[in-house]
Amino acid sequence: MPRALTPEQQAVVDWPGSAAVTAGAGTGKTELMAERFAAHLLRDGFRPLQVVAVTFTDAAAAELRSRIRRNLQARAAGLEEQLAELEAAPIGTLHSLCKRVCDEHPTHAEVAPGSRVLDEGEAAAWIAEQLDDALSTTDAAHFGRDGVPFSLAREALRAFLGDPLTADLALRQVPDGLDEWLARCQTLFT
Ligand SMILES: Nc1ncnc2c1ncn2[C@@H]1O[C@H](COP(=O)(O)OP(=O)(O)O)[C@@H](O)[C@H]1O
Ligand SMILES: [Mg+2]
């Protein structure tokens, strides 16, 4: 049998709805997540491909998958099929989950076949390139004396791209017309 969970860990494994666990490093969060995953298989009857587990890093995902594997192997025999399917279960980073969903629904996602998730460095370089392209094709009249200073526009857009959710929220609240709004911003900065 796998190691006994503490009552606190067991309570989260047994909790039927959403649960948020806040605890320090090394306190057993990954262990309880592995057991919660196992409970969805053994108690709730889901297949490994039907349970999604999201982590921040690939390393954490690999660790979680190996703990689930170990904990299933420590139980009774007869779980060979579940163990085989576990290797393909959607346990990974949010990016890898999104990629998986896009690959499974290419038409709706409008994602080209063969696309891949960029790593952080590649993503930063890609965004910088796109930003330069976008700025170089923007009407020069928007910048300089009668518009937003070029360097300010560039920095503002860079900040926006770094936090797309807030940028989207901000742009949704722009009253009527971006030009008017930008003009007001300009008076704040100059
Ligand atoms: N209930 C438990 N009994 C014994 N050891 C445990 C228990 N829960 C976790 N551990 C062990 O403690 C260590 C840290 O647990 P882990 O789940 O990796 O913590 P966290 O994810 O919070 O950093 C691991 O070696 C794990 O196997
Ligand atoms: Mg952990």
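Residues numbered from 1 in each chain as written. Chains lettered and ligands numbered in written order. Predicted model: local features only at pLDDT ≥ 70, side-chain atom pairs only at ≥ 80, totals over all residues. Heavy atoms only, no water.

1. Focus: the overall build of the chain
Next, step 1: Within the chain one finds 10 helices and two strands.
Next, step 2: Going from N to C terminus, the chain has its helices and strands arranged as α-α-β-α-α-β-α-α-α-α-α-α.
Next, step 3: For a compact globule of 190 residues, the expected C-alpha radius of gyration is about 16 Å, and the chain comes in at 24 Å, more than 25% above that figure.
Next, step 4: Its C-alpha atoms give the chain principal-axis dimensions of roughly 75 × 40 × 30 Å.
Next, step 5: When each of the 190 residues of the chain is scored for burial, the buried share is 24%.
Next, step 6: In the chain, the proportion of contacts linking residues at least 24 apart, taken out of those at least 6 apart, comes to 54%. (Helix = DSSP H or I, 4+ residues; strand = E, 2+ residues; numbered from the N terminus. Rg over C-alpha atoms; globule rule 2.2 N^0.38 Å. Buried < 20%, exposed > 50% of the residue type's maximum accessible area, 1.4 Å probe, protein only. Contact = heavy atoms within 4.5 Å.)

2. Describing the site of ligand 1
Next, step 1: Neighbouring ligand 1 are 14 residues, the closest being Gly26, Lys29, Thr30, Glu31 and Arg67.
Next, step 2: Interatomic distance of 3.0 Å between a backbone N/O atom of alanine 4 and a nitrogen atom of ligand 1.
Next, step 3: Between glutamine 9 and ligand 1, the recorded distance is 2.8 Å, taken from a side-chain N or O atom to a nitrogen atom.
Next, step 4: Summarising the interface, the protein chains cover 67% of the accessible area of ligand 1, which totals 560 Å² for the free molecule.
Next, step 5: Ranked by residue count, the leading element in the shell around ligand 1 is helix 2 (residues 29-42), at three residues.
Next, step 6: A class-by-class count of the residues in the shell around ligand 1 yields three nonpolar, seven polar and four charged. (Near = heavy atom within 4 Å. Polar contact = N/O pair within 3.5 Å; in protein donor to acceptor, adjacent residues only side chain to side chain. Areas by Shrake-Rupley, 256 points an atom, 1.4 Å probe, with all protein chains shown as cover. Nonpolar A, V, L, I, M, F, W, Y, C, P; charged D, E, K, R; others polar.)

3. Quick notes on the domain arrangement of the chain
The accessible area lost on association of the parts is a frequent measure of interface size.
Next, step 1: Assigned domains of the chain: these are domain 1 (7-109) and domain 2 (120-189).
Next, step 2: Placing a centre on the C-alpha atoms of domain 1 and another on those of domain 2 gives a separation of 40 Å. (Domains from an automatic or database assignment.)

4. Overview of the side chain of arginine 36
Next, step 1: Mapped onto the secondary structure, arginine 36 falls in helix 2.
Next, step 2: Comment: no salt bridge for buried arginine 36; closest opposite-charge side chain is aspartate 44, at 7.9 Å.
Next, step 3: Beyond its immediate stretch of four places on either side in the chain, arginine 36 contacts Val12, Val13, Trp15, Gly17 and Ala19. (Lys, Arg positive; Asp, Glu negative; His and termini not counted. Salt bridge = Lys/Arg side-chain N within 4 Å of Asp/Glu carboxyl O.)

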